[in-house]
Amino acid sequence: CVHRTGKDLTIITFGTLINNVMEAAEILSYMGIEVSVLRLMCINPVDVEDILKQVHGIKPVFVVEEISGNCGIYEHISSLLHEAGFRGNVYGLNLGNQYIPHGNVETLYDQYGLSPEKIVKSIVEVHQNEK
């Protein structure tokens with residue numbers, strides 16, 4: 001599901017993280033970075049052809065997911081895109097590889113880099129290095 005189209009990069013997510021990603025996309029837009037936002041309606045199978053239609057060439061792709069590192073769809077999407085000929089970089093933003101305690105969701109999102117502001121920070125750092 002395409003929620004937003006932009007020329008600079010693409011963010012792919014699923015579930016309730018769409019809210020944080022959309023807010024991050026708005027902030028990035030104010031900063032002059034135009035973002036496409038795709039929400040997966042199904043994570044298995046992943047429709048790589050539909051994703052390829054949205055990523056347009058070599059702009060970077062960010063997969064944002066609320067899951068520990070190395071066990072989500074980031075690796076799968078990255079592999080599918082590159083097998084299909086995508087030449088851009090694919091980055092994963094997730095909870096990392098540490099123990100995640102119980103707590104307030106917004107606090108945990110901020111602590112582990114999935115709040116809108118932290119998503120923006122991560123994307124801006126990568127976007128500046130991609131130029």
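**Student:** Explain the overall build of the chain to me, please; I cannot follow it from the model alone.
**Tutor:** A tally of helices and strands in the chain yields five helices and five strands. The order of α-helices and β-strands along the chain, N terminus first, is β-β-α-β-α-β-α-β-α-α. Relative to the compact-globule value of 14 Å for 131 residues, the chain shows a C-alpha radius of gyration of 14 Å, a close match. With the principal axes as the frame, the chain shows a C-alpha extent of 40 × 35 × 25 Å. Within the chain, buried positions represent 44% of all 131 residues. Nonlocal contacts in the chain, meaning residues at least 24 apart in sequence, comprise 77% of its contacts between residues at least 6 apart. Here the chain has roughly 7,100 Å² of accessible surface; of this, 52% comes from carbon and sulfur atoms. Where the 9 positive side-chain charges of the chain centre and where its 16 negative ones centre are 7 Å apart.

**Student:** Help me understand the sheet that holds strand β5 (residues 90-93) in this model?
**Tutor:** As a general point, the strands of a sheet are linked pairwise by backbone hydrogen bonds and lie either parallel or antiparallel. On the basis of which strands lie adjacent, the open sheet formed by five strands has the order β1-β3-β2-β4-β5 and mixed pairing. At either margin of the open sheet sits one strand with a lone partner, and together these are β1 (2-4) and β5. If you compare each strand with its neighbour and ignore which way they point, the axes differ by 25° on average. Note: strand β2 (residues 9-13) against strand β3 (residues 35-39), five bridges, orientation parallel. For L9, the partnering residue across the bridge sits in β3 and is V35.

**Student:** Which parts of the structure should I look at to understand the packing of aromatic side chains?
**Tutor:** By convention here, two paired aromatic rings are described through the distance between centres and the angle between planes. What the rule picks out here adds up to one aromatic pair. Measuring from centroid to centroid gives 5.1 Å for F62 and Y91, while their planes differ by 25°, and the two rings are stacked. Taken as a pair, F62 in strand β4 (residues 61-64) and Y91 in strand β5 lie far apart in primary sequence, 29 residues in all. A relative accessible area of 24% places Y91 in the partly exposed class.

**Student:** Sorry, what's going on with the side chain of Q54 here?
**Tutor:** Residue placement: Q54 occurs in helix α2 (residues 48-55). Non-local contacts of Q54, meaning those with residues more than four positions away in its chain, are made with V2, T5, T10, S36, L38 and K59.

**Student:** How should the environment of F62 be read in this particular structure?
**Tutor:** The exposure class assigned to F62 is buried, which follows from its relative accessible area of 1%. For the pair F62 and I119, spaced 57 residues apart in sequence, the C-alpha to C-alpha distance is 9.8 Å. Other than its neighbours up to four places away in sequence, F62 contacts L9, T10, I11, I12, Y91, L93, I123 and V126.

So, how was this worked out
- Residues numbered from 1 in each chain as written.
- Predicted model: local features only at pLDDT ≥ 70, side-chain atom pairs only at ≥ 80, totals over all residues.
- Heavy atoms only, no water.
- Helix = DSSP H or I, 4+ residues; strand = E, 2+ residues; numbered from the N terminus.
- Rg over C-alpha atoms; globule rule 2.2 N^0.38 Å.
- Buried < 20%, exposed > 50% of the residue type's maximum accessible area, 1.4 Å probe, protein only.
- Contact = heavy atoms within 4.5 Å.
- Areas by Shrake-Rupley, 256 points an atom, 1.4 Å probe, with all protein chains shown as cover.
- Lys, Arg positive; Asp, Glu negative; His and termini not counted.
- Charge placed at Lys NZ, Arg CZ, Asp CG, Glu CD.
- Pairing = 2+ DSSP bridges.
- Axes fitted to C-alpha atoms, helices over the stretch in contact; angles between N-to-C directions.
- Phe/Tyr/Trp six-rings, centres within 6.5 Å; stacked < 30°, edge-to-face > 60°.

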